[in-house]
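So you can see what is in the structure, the chains are spelled out below.
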Amino acid sequence: MTVTISRRVETGIVAASMAAAAAGAALAGLHPTGIAVVDGAWSGAFAAGVVLAATRARRWSWVLLTGVAAVLASGPVWAALAGAARIAAVVGSVGDGRGPITGAVAAAAAM
């Protein structure tokens, strides 16, 4: 069964995934520059960029990204989220779910 999703809905889901990943990364407490405001902006921009790249990436890269996230997860909640992202990436790469939405959601959960 094939579900047709309009371009507008697809763009909205990808944008929401980018925003969620950016917000999560900005609040993660990473310090790439040492300046608090800039750290959040850089971390958020990086996460949003990864999600955007995942919409156009090959499917094997989703599996790799989510696998790295699962290995590096710290704590049971993050490990469960990374595991769910991994399952979504594997199912999306095997089945017909190779659209940008699958890549965006898997990458956002991995970030």
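Before reading on, note that the structure itself is shown above.
Residues numbered from 1 in each chain as written. Predicted model: local features only at pLDDT ≥ 70, side-chain atom pairs only at ≥ 80, totals over all residues. Heavy atoms only, no water.

## Here's the deal with the overall build of the protein chain
Here's step 1: Broken down by element type, the protein chain carries 5 helices and 0 strands.
Here's step 2: For the protein chain, the C-alpha atoms occupy an extent of roughly 50 × 30 × 20 Å along the three principal directions.
Here's step 3: At a minimum sequence separation of 6, the contacts of the protein chain that also span at least 24 residues come to 64%.
Here's step 4: Carbon and sulfur atoms provide 69% of the accessible area of the protein chain, an area that totals close to 7000 Å². (Helix = DSSP H or I, 4+ residues; strand = E, 2+ residues; numbered from the N terminus. Contact = heavy atoms within 4.5 Å. Areas by Shrake-Rupley, 256 points an atom, 1.4 Å probe, with all protein chains shown as cover.)

## Some points on the environment of Gly-24
Here's step 1: As for its position among the elements, Gly-24 is in helix α1 (residues 7-26).
Here's step 2: On the basis of relative accessibility, which here comes to 41%, the residue Gly-24 falls in the partly exposed class.
Here's step 3: A sequence separation of 19 residues divides Gly-24 from Ser-43, and the C-alpha atoms of the two residues are 9.0 Å apart. (Buried < 20%, exposed > 50% of the residue type's maximum accessible area, 1.4 Å probe, protein only.)

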